[in-house]
Amino acid sequence: MAKKHENYWELVWALARTDFKLRYHGSVLGYVWALLKPLLTFLILNFVFSTIFNPKGSGIQHFSLQLLTSIMLFNFFSEGTMSGLNSLLGKASLVTKIYVPRWTIVIASTINASLIFGMNLIIIAVFFVWYGFWPGIPAIGMFMFFIFLTFILILSFSFIAAPLYVKFRDLSQIWEVAIQALFYGSPIVYPLQIIPAKYHTILLANPIGFIIHFNKLALTEKHYPTLTQISVFSAIIVALFFVSLFIFRKMEPKIAENI
């Protein structure tokens, strides 16, 4: 049994590497796009919003670093959920012609997104060095923990959305619109404090918004969520993950039929 599960994880890794190689196959810049796409987004938004939301004397420090890490995290979430959503339908021939555990395909797609995010961490490190800012070990530890929670959030979404998408093809367009709404509904290009306090709870109820808000405060201001906040939030994410596994197992037998 242990050997069987080991083979499954080897399959997951093989699928993830293949997806990663095929993603940029044929493009002139190749893997550079994994770094260039989020970097260009950051440069554009930083140019547009730095003078608007971070004028001199506003008290908002390290706006560029906050914006960069927020964009990178949200891009990880966006890429991961879109990859997870399309994972089963994109591997339709693999699902219908041979037996492959469906969960391996879903996880492989999210690992592929994680590999891309891993490359983006290089950009984050370079900019922190460029600005001469050292966030500290506790802040870096919190950042890594938020990355882990983001990955679990991506997996949870993917286990629910992937089998639904093979039957309801409109989900892709719906999620693309939802991603745009989540981007502007999360404190990425603006600090939470410019929003009226009565709306803070609503904005932080968005899981990726919660992660982004406290991540950038931890990295640049050494301000951390309370133990209660992080405990409750982590418990919700873990509970969502197990619920998503339950739903996936319920829908799994009909995946090939729906394709």
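This text goes with the structure placed above it.
Just so it is clear, the structure is predicted and the values come from calculations on it, not from any experiment. (Residues numbered from 1 in each chain as written. Predicted model: local features only at pLDDT ≥ 70, side-chain atom pairs only at ≥ 80, totals over all residues. Heavy atoms only, no water.)

Participant: Any chance you could break down the overall build of the protein chain for me, citing the residues and the numbers?
Facilitator: When helices and strands are tallied, the protein chain shows eleven helices and zero strands. Taken from the N to the C terminus, the helices and strands of the protein chain come in the order α-α-α-α-α-α-α-α-α-α-α. Residue burial in the protein chain is summarised as follows: out of 259 residues, 47% are buried. (Helix = DSSP H or I, 4+ residues; strand = E, 2+ residues; numbered from the N terminus. Buried < 20%, exposed > 50% of the residue type's maximum accessible area, 1.4 Å probe, protein only.)

Participant: Any details on the packing of aromatic side chains? Residues and values, ideally.
Facilitator: Here the structure, examined in full by the defined rule, presents 14 aromatic pairs. Measuring from ring centre to ring centre gives 4.8 Å for phenylalanine 210 and phenylalanine 214, while their planes differ by 55°; the resulting arrangement is tilted. Taken as a pair, phenylalanine 210 and phenylalanine 214 lie in helix 9 (residues 207–221) at a separation of four residues, close to a single helical turn. With relative accessibility at 6%, the residue phenylalanine 210 sits in the buried group. Feature note: the residues Phe74, Phe77, Phe157, Trp175, Phe183 and Tyr184 constitute an aromatic cluster, connected by ring pairs. (Phe/Tyr/Trp six-rings, centres within 6.5 Å; stacked < 30°, edge-to-face > 60°.)

Participant: Residue-level account of helix 6 (residues 137–165), with values.
Facilitator: Here helix 6 contains 29 residues, and its C-alpha end-to-end distance of 41 Å stays within 8% of the 42 Å for a straight helix at 1.5 Å per residue. At serine 158, helix 6 shows its maximal kink, close to 30°. (Expected span 1.5 Å × (residues − 1). Bend = angle between axes of the 7 residues up to and from the residue.)

Participant: Lay out the layout of surface pockets with the relevant residues and their values.
Facilitator: Estimates place the volume of the largest pocket at around 300 Å³. Contributing to the lining of the largest pocket are 13 residues, with Thr41, Phe74, Asn75, Gln180 and Phe183 lying nearest its centre. Of all elements in the fold, only helix 2 (32–53), helix 3 (63–90) and helix 7 (171–185) reach the threshold of two or more residues within the lining of the largest pocket. Split by residue class, the lining of the largest pocket holds seven nonpolar, four polar and two charged. (1 Å grid on protein atoms, 1.4 Å probe; cavity = no way out; pocket = protein on both sides within 12 Å on 5 of 7 lines; lining within 4 Å. Points joined across faces, edges and corners; volume = space filled by probe spheres on them. Nonpolar A, V, L, I, M, F, W, Y, C, P; charged D, E, K, R; others polar.)

Participant: Help me get a handle on the side chain of threonine 69, residues and values and all.
Facilitator: Within the element layout of this structure, threonine 69 appears in helix 3. Of the residues examined, threonine 69 reaches a relative accessible area of 1% and is grouped as buried. Reaching out from threonine 69, the side chain makes a polar contact with the backbone oxygen of glutamine 66 at a distance of 3.1 Å. Ignoring any residue separated from it by four or fewer positions in sequence, one finds threonine 69 in contact with Ile124, Phe128, Asn215, Lys216 and Leu219. (Polar contact = N/O pair within 3.5 Å; in protein donor to acceptor, adjacent residues only side chain to side chain. Contact = heavy atoms within 4.5 Å.)

Participant: Run through the packing of helix 6 against helix 9, naming residues and quoting values.
Facilitator: At a minimum axis separation of 9 Å, helix 6 and helix 9 run at an interaxial angle of 165°. The angle between helix 6 and helix 9 places the two elements in the roughly antiparallel class. Note that helix 6 runs across helix 9; the crossing there is left-handed. Residues Ala139, Ile140, Met142, Phe143, Phe146, Leu149, Thr150 and Leu153 of helix 6 pack against Pro207, Ile208, Phe210, Ile211, Phe214, Asn215, Ala218 and Leu219 of helix 9. Class assignment for the residues of the contact of helix 6 with helix 9 results in 14 nonpolar, two polar and no charged. (Axes fitted to C-alpha atoms, helices over the stretch in contact; angles between N-to-C directions. Parallel < 35°, antiparallel > 145°, perpendicular 65-115°, else oblique. Left-handed = near helix turned anticlockwise from the far one by under 90°.)

Participant: If you had to explain unusual backbone geometry to someone new, which residues and values would you point to?
Facilitator: In this structure, lysine 222 is a non-glycine residue whose phi angle is positive, near 55°. In this fold, lysine 222 is placed in the loop between helix 9 and helix 10 (227–251).

Participant: Tell me what's going on with a nonpolar patch on the surface, and back it up with residues and numbers.
Facilitator: Together, Ile44, Phe47 and Val48 make up a nonpolar patch on the protein surface, roughly 340 Å² of accessible area in all. Take valine 48: its relative accessible area is 37%, and that puts it in the partly exposed class. (Patch = residues over 30% accessible without salt bridge, like charges linked within 9 Å, V, L, I, M, F, W, Y side chains within 5 Å. Areas by Shrake-Rupley, 256 points an atom, 1.4 Å probe, with all protein chains shown as cover. Salt bridge = Lys/Arg side-chain N within 4 Å of Asp/Glu carboxyl O.)

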